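# Geometric and topological summary
If you want the building blocks of each chain, they are given just below.
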Amino acid sequence: MGSNKLTYQASGVNIHEGYKEVKLIKGLAKSTYNKNVMNNLGSFAGMFKIPKGIKEPILVSGTDGVGTKIAIACAKHKYDTVGIDCVAMCVNDVLCHGAKPLFFLDYIACGKLDARIAADLVKGVTNGCKQSGSALIGGETAEMPGFYKTGDYDLAGFSVGVLEKNKIINGKDIKVGDVLIGITSSGCHSNGFSLIRKIFKNLNEPFNGQPIWKTLLTPTKIYVKPILKLMEHIKIKGMAHITGGGFIENAPRMITKSKLQIVINKNSYPLPKIFQLINQRGVDINHMYNTFNMGIGFIVCVDKKDVKKTIQILKQAKEKSYEIGYITSGKEPICLK
């Protein structure tokens, strides 16, 4: 009688495709390395030396994923940009407390591994790491047949940054009269895509002279370098990354004191066309401010005397920004008018 041999490959996991992926991504990861990376890709863990010159280092961490935006990438076989979104969602959060991102780790899960697709995903992660000054020092790829369908991919990441203890930005100095400066987003970023995919079922419908999927896959903007530059010249009192939950959930997170209220002037900047279209398709505008970034991806709170200089420095960093609101007293954490 013949015998049936059970192997990992027979269960749906191709370890040789995994080896192929590692070969493809090693060079990508290494291109992000700096003198503080203490390990090679393939070690059991990533090691990173805290940069010199920091007297009381505080490590700041953040983790996030791409969400269902990756479903559009998979549908259109365009995998090399969503990695930027993955990095952006993490490093922009770490940045909110004034930390400089140091290193990044990624996690890819799929039903059936295609090394070339995984390498494209990591290509985007590498691009995002370079934009944020992070080293990609490790990651994991999990092939999970029977849990994910063939063709399905998921992508998440983890960022660690550092700052001086006496330079933590936590909103404690925010007061009535302070001003909110909003920095424009690059589009929908990586939030609200479960709703977006219901609105735009035809990803090839024309929008601004191209299929709308190209607009929807525009990567999330990474604000690290312009904000770190701004911090050299301006005392930033608070920052907010406008992600899932929009203005309503995220803007008040920069405030730690009670009885302070954020006021956002909705007409203080032009609403991007993609959000106008979403509104035209039947999504209530108030709901949109609780779901999308509405054209503002990052907010900084500064003293009134620093407004002009803040906008000027951001302009020099090629970032378009607007005075979008202010701090007042009130019972509710935020008021949109």
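Now for a look at the structure at hand.

## Remarks on helix α11 (residues 307-316)
What α11 keeps buried is the set Val-307, Thr-310, Ile-313 and Leu-314. The buried side chains of α11 occupy one side of the element, clustering within an arc of 130° when seen end-on. In α11, the exposed positions angled more than 90 degrees off the buried face are occupied by Lys-308, Lys-315 and Gln-316. At its buried positions, α11 is contacted by β5 (179-184), α7 (224-231), β10 (296-302) and β11 (321-329). At the C-terminal side of α11, Lys-318 shows a positive phi close to 65°.

## What to know about the layout of surface pockets
One water molecule sets the probe size; rolling that probe over the atoms shows where empty space is left. Computed from the structure, the largest pocket encloses a volume of approximately 690 Å³. The wall of the largest pocket is formed by 30 residues, among which Gly-98, Leu-163, Glu-164, Lys-167 and Met-231 lie closest to the centre. Of all elements in the fold, only β2 (100-110), β4 (153-164) and α7 reach the threshold of two or more residues within the lining of the largest pocket. By residue class, the composition of the lining of the largest pocket is 14 nonpolar, seven polar and nine charged. In this structure, the second largest pocket spans a volume of roughly 590 Å³. Lining the second largest pocket are 31 residues, with Glu-21, Val-22, Gly-139, Glu-140 and Thr-141 positioned closest to its centre. When residues of the lining of the second largest pocket are traced back to their parent elements, those giving at least two are α1 (15-30), β2 and β3 (135-143). The class makeup of the residues in the lining of the second largest pocket is 16 nonpolar, 10 polar and five charged.

Conventions we followed
- Residues numbered from 1 in each chain as written.
- Predicted model: local features only at pLDDT ≥ 70, side-chain atom pairs only at ≥ 80, totals over all residues.
- Heavy atoms only, no water.
- Buried < 20%, exposed > 50% of the residue type's maximum accessible area, 1.4 Å probe, protein only.
- Helix = DSSP H or I, 4+ residues; strand = E, 2+ residues; numbered from the N terminus.
- Arc of directions from axis to C-beta.
- Contact = heavy atoms within 4.5 Å.
- 1 Å grid on protein atoms, 1.4 Å probe; cavity = no way out; pocket = protein on both sides within 12 Å on 5 of 7 lines; lining within 4 Å.
- Points joined across faces, edges and corners; volume = space filled by probe spheres on them.
- Nonpolar A, V, L, I, M, F, W, Y, C, P; charged D, E, K, R; others polar.

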